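# Structure assessment
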Amino acid sequence: MASSLTKGAASQETPASRSDKTLFGHPRGLAFLFLTEMWERFSYYGMRALLVVYLIAGGPDAKPGSQGGGLAMPEASSLAIYSVYVAMVYLLAMPGGWFGDRVWGPRKTVAIAASVIMAGHLILALPGKPSFFAGLAVVAIGSGLLKSNISTMVGHLYDGPEDPRRDGGFTLFYIGINMGGLAAPLVIGTVGQKVNWHLGFAIAAMGMALGLVIFLLGTRNLDPKSSQVPTPLTAAERNMWLKKGLVWLAVAAVFYGIVIGSGVFTVNWALVPIALLGLFVPVSVLTRIKRDKELTHSEQTKVSGYIFFFIAAAVFWMIFDQAGSTMSLFAEKKTTDNIAGFNFPSTWFQSVNSAWVVVLAPVFAALWLNLGRRNREPGTAVKFANAMLFAGLSFAVFAIAMAMASDGTKVSPMWLIMIYMLQTVGELCLSPVGLSLTTKMAPQKYASQMMGVWFLATTAGDCTTALLKTAGVNLNGTGVILGEAVVAAAAGAAIWAYRKRIATLMGDVH
Ligand code: PHE
């Protein structure tokens, strides 16, 4: 291993030769991207673990005896705010990718994004409602800018899609994401929930600051491609976008001016239009790509096949992302918060998914490799179908636990631990596969935008949850949870049944 640390021409320290050096067989730059994303996710998941509990804290829906000092909002709006916020992070990954491609290049975009995220968490560290919503918006913008560009840079470290180390690199990167996700609720959750909410948010800012410093120290090890702007924006295009942006800003300002001026404004006036936008954008982006006359016939067929996967992924993330909302409230109010006499804050449950990923990701990587060697690795459609079935199963188990808790008894932590395990198995069948599928099925013309399109599936799923919530559906109801389980399982079964047809649409991609 030591020799691989020094592989490459050490004497010429150009960026290209530095990136030739390897670390355990992987390009050195991976270590820096791994650590940057780990700290970014630490701040993201730490704040996310606090979000819903902070929104209801001190109000009528808070757990009796819990720490006050939150925004005292009703549970229903809190759940909708959470879903819209998470949806926006992934919606903004699309313009984030665009900035990387056309304005700053991925490297500069990530440096700016990390600073924006840090600023957002610092704003959250200030008490008060206005600063809270402003901070939330700033974090969402920064995360959107960062997420797709950092993944793109991981890809740059390898010699194209055929590099045999590439999948392993992405698996390691995914483990980094989840090491951040694992530590965050334990640190930020505990401090926020037990000591002071705003101190928790301040720690999130510190985490991001650390990530930023690591990133800046490591930029020399990145591929030179990461600093280039692949297709720079022309001056005419810049003016056009500026004009468009200003017009929409003016429309929004006038609209909200009227709504607020006439005194009818409630939080739903903000949530519903954003949630509708979160459904409209994915649908219109996919339709635009599919109808593009410049695509070849085979590219068009692939886009049709991709739509199946996209819908499946949206249903999957709809269930999965309730980890920080419906399931977080279940942890807070209906689950015992001690194991063998040891008491812990309910936000700790937010670590469980990441812990399972760290444990199970290597197992899955080995499993696919092993099955692959014997030519028995399941195709993408079958993996997706499995993911949906596991998501469905997790919510079937959740419905049982919810029913058991309906008379006021608190259930064992084992229920949530099991639910998260089932979801993690689903995640590992879908998430890494989906990312590589997206890059492979992308028409040439849309190659760089497709990473953002993949994240839109999460947006669509989360916005569906937000709209259900604002329409008054009780997401904590056993019936609704069971309904979602059935939808996921049925969608999984449909993909399974049509796997051959989908494979034909996929052409040479498997
Ligand atoms: N834990 C993953 C992450 O934060 C979950 C995820 C993957 C979310 C892909 C959206 C899209 O990166």
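Quick caveat, the model's predicted, so the values are computed rather than measured.

### Considering the overall build of the chain
- Per the secondary structure count, the chain includes 19 helices and 4 strands.
- Radius of gyration (C-alpha) of the chain: 23 Å, near the 24 Å computed for a compact globule of 510 residues.
- With respect to the principal axes defined by its C-alpha atoms, the chain has extents near 65 × 55 × 50 Å.
- For the chain, with 510 residues in total, the buried portion stands at 52%.
- Taking contacts inside the chain between residues at least 6 apart in sequence as the whole, the part at least 24 apart equals 80%.
- Element-wise, carbon and sulfur atoms account for 69% of the exposed surface of the chain, whose accessible area totals about 21600 Å².

### Points about the site of the ligand
- In the vicinity of the ligand, the contacting residues are R41, Y45, Y90, K147, Y174, I177, W317, E427, S431, F455 and T458.
- For the ligand, an oxygen atom lies 2.7 Å from a polar atom in the side chain of R41.
- Y45 places a polar side-chain atom, nitrogen or oxygen, 2.5 Å from an oxygen atom of the ligand.
- Protein chains shield 96% of the accessible area of the ligand, which is 320 Å² for the free molecule.
- Secondary structure elements with two or more residues in the shell around the ligand: α3 (29-56), α8 (166-195), α16 (413-441) and α17 (450-470).
- Looking at the shell around the ligand, its residues break down into 6 nonpolar, 2 polar and 3 charged.

### Overview of the nonpolar core
- Grouped together as the largest cluster of nonpolar side chains are 141 residues, with contacts concentrated most on L33, Y85, F132, Y306, F384, V453 and W454.
- Apart from the residues within four sequence positions on either side, Y85 is in contact with Y44, M47, L51, L136, V139 and A140.

### Thoughts on the side chain of D462
- With respect to the helices and strands, D462 occurs in helix α17.
- Despite being buried, D462 has no salt bridge partner; R48 is the closest side chain of opposite charge, sitting 7.1 Å away.
- Apart from residues lying up to four places away in sequence, D462 is in contact with S83, V86, A87, W317 and D321.

### A look at α17
- Taking 1.5 Å per residue, 21 residues should reach 30 Å; α17 reaches 30 Å between its end C-alpha atoms and fits that length.
- Looking one or two residues past α17, G472 carries a phi angle of roughly 95°, positive in sign.

### Some points on unusual backbone geometry
- Despite not being glycine, A72 has its phi angle at roughly 50°, a positive value.
- The class of A72 is partly exposed, set by a relative accessible area of 35%.
- With a phi angle near 60°, N375 is a residue other than glycine that sits in the positive phi range.
- Residue position: N375 is located in the loop between α14 (352-373) and α15 (380-404).
- For N375, a relative accessible area of 74% translates into the label exposed.

### Concerning the packing of aromatic side chains
- According to the stated counting rule, one finds 27 aromatic pairs in the structure shown.
- Between the aromatic rings of Y90 and F455, the centroid separation amounts to 5.9 Å while the plane-to-plane angle is 25°, which identifies the pairing as stacked. Separated by 365 residues along the polypeptide, Y90 in helix α4 (residues 75-91) and F455 in helix α17 bring together distant segments of the chain. Here Y90 and F455 have matching classes, each one buried.
- Look at W98 and F99: their rings are 5.5 Å apart centre to centre, the planes differ by 90°, and that puts the pair in the edge-to-face class.
- Residue classification places W98 among the partly exposed residues on the basis of a relative accessible area of 24%.
- Here a set of aromatic residues connected by ring pairs shows up, and it is made of Y54, F132, F133, W197 and F201.

### What about the pattern of salt bridges?
- Taken as a whole and judged by the stated rule, the model has 12 salt bridges.
- In this structure, the salt-bridge partner of D292 is K445, at a minimum N-O distance of 2.6 Å. Of the two residues, D292 sits in the loop between α11 (267-291) and α12 (297-320) while K445 sits in the loop between α16 and α17, which places them 153 residues apart along the sequence.
- Residue class for K445 comes out partly exposed when judged on its relative accessible area of 44%.
- Measuring nitrogen to oxygen at the nearest pair gives 3.3 Å for the salt bridge that ties K445 to E294. Linking K445 in the loop between α16 and α17 with E294 in the loop between α11 and α12, this pair joins segments that are 151 residues apart in sequence.
- The exposed category is assigned to E294, whose relative accessible area is 62%.
- Each of the salt bridges in this network shares a partner with another, and the network as a whole consists of E37, E40, R41 and K147.

### Considerations on the environment of S394
- As for its placement among the helices and strands, S394 is situated in helix α15.
- With 204 residues separating them along the chain, S394 and T190 place their C-alpha atoms 26 Å apart.
- Residues within four places of S394 in sequence aside, it is in contact with I319, I419, L422 and Q423.
- A polar side-chain atom of S394 sits 2.7 Å from the main-chain carbonyl oxygen of A391.
- At 3.2 Å, the side chain of S394 forms a polar contact with the side chain of Q423.

### Observations concerning the confidence of the model for the chain
- With 96% of its residues at a pLDDT of 70 or more, the chain shows a mean pLDDT of 91.
- Confidence over residues 1-19 falls short of pLDDT 50; this stretch has 24 contacts with residues more than four positions distant or in other chains.

### Observations regarding the side chain of S351
- Position of S351 among the secondary structure elements: in the loop between β4 (342-343) and α14.
- Overall, the relative accessible area of 4% leaves S351 in the buried class.

### Some words on the packing of helix α5 (residues 93-102) against helix α7 (residues 129-156)
- Direction vectors running N to C along α5 and α7 enclose 65°, while the axes themselves pass 7 Å from each other. Crossing of α5 against α7: the hand is right-handed. Side by side, α5 and α7 meet where A93, G96, G97, F99 and G100 of the first sit next to G144, L145, S148 and N149 of the second.
- Considered class by class, the residues forming the contact of α5 with α7 number 3 nonpolar, 6 polar and no charged.

Reading the values: the criteria
- Residues numbered from 1 in each chain as written.
- Predicted model: local features only at pLDDT ≥ 70, side-chain atom pairs only at ≥ 80, totals over all residues.
- Heavy atoms only, no water.
- Helix = DSSP H or I, 4+ residues; strand = E, 2+ residues; numbered from the N terminus.
- Rg over C-alpha atoms; globule rule 2.2 N^0.38 Å.
- Buried < 20%, exposed > 50% of the residue type's maximum accessible area, 1.4 Å probe, protein only.
- Contact = heavy atoms within 4.5 Å.
- Areas by Shrake-Rupley, 256 points an atom, 1.4 Å probe, with all protein chains shown as cover.
- Near = heavy atom within 4 Å.
- Polar contact = N/O pair within 3.5 Å; in protein donor to acceptor, adjacent residues only side chain to side chain.
- Nonpolar A, V, L, I, M, F, W, Y, C, P; charged D, E, K, R; others polar.
- Core = buried A, V, L, I, M, F, W, Y, C linked by side-chain atoms within 4.5 Å.
- Lys, Arg positive; Asp, Glu negative; His and termini not counted.
- Salt bridge = Lys/Arg side-chain N within 4 Å of Asp/Glu carboxyl O.
- Expected span 1.5 Å × (residues − 1).
- Phe/Tyr/Trp six-rings, centres within 6.5 Å; stacked < 30°, edge-to-face > 60°.
- pLDDT = per-residue confidence, 0-100.
- Axes fitted to C-alpha atoms, helices over the stretch in contact; angles between N-to-C directions.
- Left-handed = near helix turned anticlockwise from the far one by under 90°.

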